[in-house]
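What follows is each chain in one-letter form.
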Amino acid sequence: AQSVAQPEDQVNVAEGNPLTVKCTYSVSGNPYLFWYVQYPNRGLQFLLKYITGDNLVKGSYGFEAEFNKSQTSFHLKKPSALVSDSALYFCVERGSYIPTFGRGTSLIVHP
Amino acid sequence: GAGVSQSPSNKVTEKGKDVELRCDPISGHTALYWYRQRLGQGLEFLIYFQGNSAPDKSGLPSDRFSAERTGESVSTLTIQRTQQEDSAVYLCASSKVETSGTSDEQFFGPGTRLTVL
């Protein structure tokens with residue numbers, strides 16, 4: 001069975017510092033991995049995806065993620081956090097027509 | 001272009017009443033999903049449509065929940081005899097043609113916040 005784990009309920013980082021939001025997956029076959037962001041009282045917005053090819057994927061708003069097959073991870077990163085990045089982040093696996101969502105990580109960027 | 005829209009944005013109802021939630025997907029998107037998000041929690045899959053048919057209804061919590069889709073466009077999620085535990089945000093998403101192992105991203109609507117008193 002497919003599963004996605006986001007081990008941290010909350011990540012705190014100071015503005016200007018690099019941020020990492022962790023995600024690990026467990027799927028049979030090749031994973032299709034996505035990151036979505038949810039701002040308060042809003043729907044989810046697509047950030048980036050890994051399907052195949054280069055392990056470093058660049059996405060919206062300066063975010064990037066690195067696919068690591070040996071560690072079965074797909075961590076979301078940004079070199080310099082902004083207060084406006086504060087939101088709920090979801091890692092998603094799309095190996096079948098029913099996506100598997102992680103439980104979400106709340107990112108809080110302090111001024 | 002227009003994104004996914006949902007209506008109403010907020011719905012307050014009394015326990016035992018029926019409610020109907022509407023989703024307008026992006027034009028041309030044949031796949032449509034409904035999710036439920038309880039306060040402070042992740043997304044709970046409810047139902048998936050491919051065109052007008054629903055090959056997977058396994059996420060519907062009870063027989064009080066039903067959904068339909070017509071014209072490969074608008075979908076409605078109906079909750080009968082609402083209970084307080086139905087209070088949540090109901091999110092709709094659409095994507096392009098689905099195939100097993102699809103790589104297409106989903107586009108989400110803003111959600112309907114349902115409060116059952």
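Criteria and thresholds
- Residues numbered from 1 in each chain as written.
- Chains lettered and ligands numbered in written order.
- Predicted model: local features only at pLDDT ≥ 70, side-chain atom pairs only at ≥ 80, totals over all residues.
- Heavy atoms only, no water.
- Helix = DSSP H or I, 4+ residues; strand = E, 2+ residues; numbered from the N terminus.
- Rg over C-alpha atoms; globule rule 2.2 N^0.38 Å.
- Buried < 20%, exposed > 50% of the residue type's maximum accessible area, 1.4 Å probe, protein only.
- Contact = heavy atoms within 4.5 Å.
- Areas by Shrake-Rupley, 256 points an atom, 1.4 Å probe, with all protein chains shown as cover.
- Lys, Arg positive; Asp, Glu negative; His and termini not counted.
- Charge placed at Lys NZ, Arg CZ, Asp CG, Glu CD.
- Core = buried A, V, L, I, M, F, W, Y, C linked by side-chain atoms within 4.5 Å.
- Disulfide = S-S within 2.5 Å.
- Pairing = 2+ DSSP bridges.

With respect to the overall build of chain B
At step 1: The helix and strand inventory of chain B stands at zero helices and eleven strands.
At step 2: Tracing chain B from N to C terminus, the helices and strands come up as β-β-β-β-β-β-β-β-β-β-β.
At step 3: Against the compact-globule benchmark of 13 Å for 117 residues, chain B has a radius of gyration of 14 Å, which places it among compact chains.
At step 4: Principal-axis analysis of the C-alpha atoms places the extent of chain B at approximately 40 × 30 × 30 Å.
At step 5: Split into buried and exposed, the 117 residues of chain B put 50% on the buried side.
At step 6: Long-range contacts, defined as pairs at least 24 residues apart, comprise 56% of the intrachain contacts of chain B with a sequence gap of at least 6.
At step 7: Within the structure as shown, chain B displays about 5400 Å² of accessible surface, and the carbon and sulfur contribution to it stands at 45%.
At step 8: Taking the 12 positively charged and 14 negatively charged side chains of chain B as two groups, their mean positions are separated by 6 Å.

Looking at the nonpolar core
At step 1: Counting 27 residues, the largest nonpolar core has A:W35, A:L47, A:L48, A:F74, A:L76 and A:Y89 as its most contacted members.
At step 2: For this core, the secondary-structure elements that each account for two or more residues are β2 (10-14), β3 (19-21), β5 (33-38), β6 (44-50), β8 (64-68), β9 (73-78), β10 (87-93) and β12 (105-110) of chain A.
At step 3: Grouped together as the second largest cluster of nonpolar side chains are 19 residues, B:V19, B:C23, B:L46 and B:I79 included.

Quick look at the state of the cysteines
All names here are of chain A.
At step 1: Under the counting rule described, the total for this entry stands at two disulfides over all chains.
At step 2: In this model, C23 is linked to C91 through a disulfide, with the two sulfur atoms separated by 2.0 Å. Every disulfide takes its handedness from the sign of the S-S torsion; for C23 and C91 that torsion is -65°, giving left-handed. On the criterion of sequence distance, the pair formed by C23 in the loop between β3 and β4 (24-26) and C91 in strand β10 is long-range, its members being 68 residues apart.
At step 3: On the basis of relative accessibility, which here comes to 0%, the residue C91 falls in the buried class.

Section: the pairing of β12(A)
Residues and elements named next belong to chain A.
At step 1: Burial along β12 is one-sided: the face carrying T105, L107 and V109 is buried and the face carrying S106, I108 and H110 is not.
At step 2: Taken together, the five bridges between β2 and β12 define a ladder with parallel strand orientation. Bridging across to β12, Q10 finds its partner in S106.
At step 3: The sheet contact formed by β10 and β12 spans three bridges and is antiparallel. Bridge pairing in β12 links L88 to S106.

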